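# Overview (structure and organization)
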Amino acid sequence: MFIHNAWYIAAEPDELLSRPIVSRTLLGKRVAVYRGASGQAIALEDSCPHRRAPLSLGTVQGDGVRCGYHGAEFGSDGRCIRVPGQDAVPRAVVPTYPVIERHGYIWVWLGDPDLADGGASIPDGFWVSGDPAWIGGYGRMESIKADFKLINDNLFDITHAQFVHPESFGGEEVQFYRKARPGSDYIDREMSFEVGERSIRFRTHAAALGDEGGPLWRSMLAQSRGLEEWNDPIDYRMEVIWWAPCYTSFHIIVRPSGEPDAPPVEIYNLHAAVPESEGSSHYFYRSVRNYGDASMNSAFIDAVKFVFNQDKPILEGQQAVLGDRDLLETHPISFAGDMLPLQGRRILERMMATELTRG
Ligand code: FES
Ligand SMILES: [Fe+2]
């Protein structure tokens, strides 16, 4: 079951530079996304009402599309406006979906269009700043055969990093997430969390973290100062925000220990796990940082992808074990710190229940 009344990332704008119409399955629906002559991004059902050829195999005509099979043309509102070789125009309308371009992505709303909120529920924190102080780039979208909720769980559940990502962020600090308490403070070697109506935020902090911490944090400091390595203790902070249904931001802040006024070295990693079907997802990601130059961008994106590829076999393996079942139907056991992923799932259940009661 999907939450339809939400904004989902359908594509990166760059995808429309290399092909005129992108076909993407979202929430089990085939959607065609293109940019019309007016510059507006448009999304409609990727299915011609004549013989169900995908409209994504057609061409963009003005702000509309022409089906690549028998040439029927449809306006940006989905209405059939021309059939070659005949005067009669059928009263056919291809379903269209509200679209917003924001934060460097094309977002679509597949639910009740009357409930589309003009983009108010697109997470503000899911940005790429135009500020030149923040350097970084996109990863290319990846496909994963796992339900988006398993990916949400994975991003929340940082304790797995010790085993899955030991060479990057799998240090001792991951265990601080088991010591969770409500609040918004950065607590040394513990984690504070706040659960909102549609979001969850958690923060952790470690003063004077030595080489028991994840290697990535010290390498951030080394890179920012043009050094080969950094071996002194660091002050480490991480803030994670998850927004329903599927967006997660990691903000990592490090400084040399004992230099509280030193300019912080920071990274934002943003992850979107957009449902494709009940058992598969599209994973969009990017990484920006406040140091270095553009020549480091591809190494950073490769690093995020490397981490994702470490998670992927686990997530796809979980999905294979689960089959059609949702994780919670299998009565899994829980550890300390699993409470946040469960809270996230509760938020999703509430949103689904609201949709069902609306009918
Ligand atoms: S299938 Fe589209 S015009 Fe025939
Ligand atoms: Fe992971």
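All values reported here derive from a predicted model rather than from experimental measurement. (Residues numbered from 1 in each chain as written. Chains lettered and ligands numbered in written order. Predicted model: local features only at pLDDT ≥ 70, side-chain atom pairs only at ≥ 80, totals over all residues. Heavy atoms only, no water.)

This part is about the pattern of salt bridges. Overall, the coordinates contain 20 salt bridges when judged by the stated rule. A salt bridge links E73 to R66; the shortest N-O distance between them is 3.7 Å. Relative accessible area serves as the criterion here: at 12%, E73 is assigned to the buried category. Between K305 and E142 there is a salt bridge, with the nearest N and O atoms lying 3.4 Å from each other. In this pair, K305 is assigned in helix 5 (residues 297-322) and E142 in strand 13 (residues 142-144), connecting sequence segments 163 residues apart. Residues participating in the shared-partner salt-bridge network are D147, K149, D153, D326 and R345. (Salt bridge = Lys/Arg side-chain N within 4 Å of Asp/Glu carboxyl O. Buried < 20%, exposed > 50% of the residue type's maximum accessible area, 1.4 Å probe, protein only. Helix = DSSP H or I, 4+ residues; strand = E, 2+ residues; numbered from the N terminus.)

Bringing the domain arrangement of the protein into the picture now. According to the domain assignment, the protein contains domain 1 (7-115) and domain 2 (135-358). Taking the mean C-alpha position of each, domain 1 and domain 2 sit 34 Å from one another. Contacts between the two partners involve 19 residues from domain 1, matched on the other side by 17 residues from domain 2. In total, about 1300 Å² of surface goes out of reach between domain 1 and domain 2, with carbon and sulfur atoms giving 56% of it. Viewed at the interface, domain 2 and domain 1 are joined by 1 salt bridge. With a shortest N-O distance of 2.4 Å, R140 and E12 are connected by a salt bridge. Counting across the domain 1 and domain 2 interface gives 8 residue pairs in polar contact (both at pLDDT 80 or more). (Domains from an automatic or database assignment. Contact = heavy atoms within 4.5 Å. Buried area = accessible area lost by both parts, 1.4 Å probe. Polar contact = N/O pair within 3.5 Å; in protein donor to acceptor, adjacent residues only side chain to side chain.)

Every regular strand shows the same layout, with side chains that alternate between the two sheet faces. With 3 bridges connecting them, strand 14 (residues 180-182) and strand 15 (residues 191-195) associate as parallel partners. Bridged to R181 within strand 15 is S192. With 5 bridges joining them, strand 15 and strand 16 (residues 199-209) adopt antiparallel strand pairing. Along strand 16, the bridge assignment pairs V195 with I200. Hairpin geometry of strand 15 and strand 16 is characterised by an intervening segment of 3 residues between the two adjacent antiparallel strands. (Pairing = 2+ DSSP bridges.)

Glancing now at the coordination of the iron ion (ligand 2). For a metal bound by four donors in tetrahedral geometry, the ideal donor-metal-donor angle is 109.5 degrees, whereas six donors in octahedral geometry ideally sit at 90 or 180 degrees. Coordination of the iron ion (ligand 2) by the protein involves H160 (NE2), H165 (NE2), D311 (OD) and D311 (OD), with metal-donor separations of 2.1 to 2.3 Å. The site at the iron ion (ligand 2) holds 4 donor atoms, and with the angles between them running 58 to 147 degrees, its shape is irregular. All donors to the iron ion (ligand 2) come from one chain, and their sequence spacing reads H-x4-H-x145-D. Here H165, found in the loop between helix 3 (161-164) and strand 14, pairs with D311, found in helix 5; they are 146 residues apart in sequence, far enough to count as distant. Comparing H165 with D311 shows no difference in burial state: the two are buried. (Donors = N, O, S within 2.8 Å, 3.2 Å for Na, K, Ca; no water. Tetrahedral: all angles 85-135°; square planar, octahedral: opposite > 155°, others 65-115°.)

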